[in-house]
Amino acid sequence: MILLAVILLLGAGCLDPVDIEGYGYVISLGIDELDGGELYFTFMLQRESADSAGSSDGGASIIAEKGANIYDAINRLEGRIPFVLDFSRMNFMFIGEKAAKDGMIKGIMGENLESLRVRLSAVVMVCEPDASTVIGGLAANNDANITKLQSAITQDKYLTGMVSVTTLSRMLEACNEGRFDICSALGSYDETIITDMKQKKSEEDGEDPLKDAEKGQSIGGLQSGATGSALFDGWVMTGKLDRRETMLLNIAAGEFKEGELLLDTERFGTVTLQFRIISNNTEVTGIYDNGADFLIKVRLYATVRTIGTGADKDEISSWLQDEASELIEAELEKVFLKCREASCDAARLGTALSKRFTSAESWEQYDWKEKYKNSQVSFRVELTEPAK
């Protein structure tokens, strides 16, 4: 028994142990395409002061290298960094706009990232103009703002509906199955924003933290953030939506929770409506050799936040049920046409349509992405005032 215990203990030992300080934990990865087709990889690393449990609030350092692929870049880095890169804590994959439009993501995802232990729950964000710039904006406060950015994007999605959140696993599902397309968050960088760190530095120097601020200038928060959505046809970025259009797409796709929308009306001028989702349902109303017809029914609680003067309660209720619904239906149709022009089934019509086919073979033979170009969608929006 003693001999057996000794053998088991010896067999359980590490053959190639690495000290925990010998790892550099990648919390975000940026991918840009250089002129000539070579790739440029930016790695945001968790500093040693960060929480060992995986929190990325403790600070960050940035390293970058070019290469034919990610393994080539890592091999070039190994000669000048005293640690092994570990991707098990990665929360974001940032893709430069040029790389996204050239479909470089497919090559990256086909490089067996499982061997790097990359999280498939990592959020995908396309960056204007490039990934390295957006990552630099995240580090402008001298801390690892990945956690803050992830919280900001998630909160933005659920409170405004103006952001799309897509993970690597969702992208793989969309591209491998072909039943829908993804739209990722579209990130940008604004160097004019006065960050918390700039304010703190001025305070430490005994100066007014807003001495250089001009009226109308953005103050506080991150210099990098989500400004809309990037539309994809499979692996290739084919278009963009602004924040308002993203909200309308989320309403059509069933991803919307609550938010506010400004409507320009002839009757009341600019009206601000606050929405909360009740239900969303996509129906297939016709299947043809060259396409399909759909009806998307949306029910929303609607509250008027601002409206022109002189409108009484009954007049507003009547306007909500008739004219307001029609205005929103027209707005939803515009966004659908923009997505269809980009060959992006972000409303997931193909998911609803595929349920009408009896086998995977018949579905594949239908060639949905080709038929999508000729498909039509009608919208029916019902607005209900919440009970008081």
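Analysis parameters
- Residues numbered from 1 in each chain as written.
- Predicted model: local features only at pLDDT ≥ 70, side-chain atom pairs only at ≥ 80, totals over all residues.
- Heavy atoms only, no water.
- Helix = DSSP H or I, 4+ residues; strand = E, 2+ residues; numbered from the N terminus.
- Buried < 20%, exposed > 50% of the residue type's maximum accessible area, 1.4 Å probe, protein only.
- Contact = heavy atoms within 4.5 Å.
- Areas by Shrake-Rupley, 256 points an atom, 1.4 Å probe, with all protein chains shown as cover.
- Pairing = 2+ DSSP bridges.
- Axes fitted to C-alpha atoms, helices over the stretch in contact; angles between N-to-C directions.
- Phe/Tyr/Trp six-rings, centres within 6.5 Å; stacked < 30°, edge-to-face > 60°.
- Lys NZ or Arg CZ within 6 Å of the ring centre and 35° of its normal.

## Focus: the overall build of the protein
Of the regular secondary structure elements, the protein holds 13 helices and 14 strands. Buried positions account for 45% of the 388 residues belonging to the protein. Put simply, 71% of the contacts in the protein that link residues at least 6 apart link residues at least 24 apart. For the protein, the exposed area adds up to about 19,600 Å²; of that, 48% sits on carbon and sulfur atoms.

## Regarding the sheet that holds strand E12 (residues 269–288)
If you walk across this open sheet you meet the four strands as E11-E12-E13-E14, and the pairing is mixed. The open sheet terminates on both sides in strands that have one partner only, identified here as strand E11 (258–265) and strand E14 (376–384). When strand polarity is set aside, the average angle formed by the axes of neighbouring strands in this sheet is 40°. As paired elements, E12 and strand E13 (residues 291–306) share 15 bridges and run antiparallel to each other. Across the sheet, Thr272 pairs through a bridge with Thr306, a residue of E13. On the sheet, helix H10 (residues 313–341) packs against E11, E12, E13 and E14 and is oriented at approximately 150° with respect to E14.

## Topic: the packing of aromatic side chains
Applying the stated criterion across every chain, the model contains nine aromatic pairs. Each ring, one from Tyr23 and one from Tyr25, has its centre 6.0 Å from the other, and the planes form 35°; the classification is tilted. When its relative accessible area of 30% is taken as the criterion, Tyr23 is described as partly exposed. Between the aromatic rings of Phe43 and Phe87, the centroid separation amounts to 6.2 Å while the plane-to-plane angle is 65°, which identifies the pairing as edge-to-face. With Phe43 in strand E2 (residues 39–46) and Phe87 in the loop between strand E4 (84–86) and strand E5 (92–96), this residue pair connects regions lying 44 residues apart in the sequence. The class of Phe87 is buried, set by a relative accessible area of 1%. Taken together, Phe294, Phe336, Trp368 and Tyr372 form an aromatic cluster joined through their ring pairs. When the ring centre of Tyr25 is taken as origin, the NZ or CZ atom of Arg89, which lies over that ring, is 3.7 Å away. A cation sits over an aromatic face here: Lys371 above Tyr366, 4.9 Å from the ring centre.

Any functional reading would require information that these geometric values do not contain.
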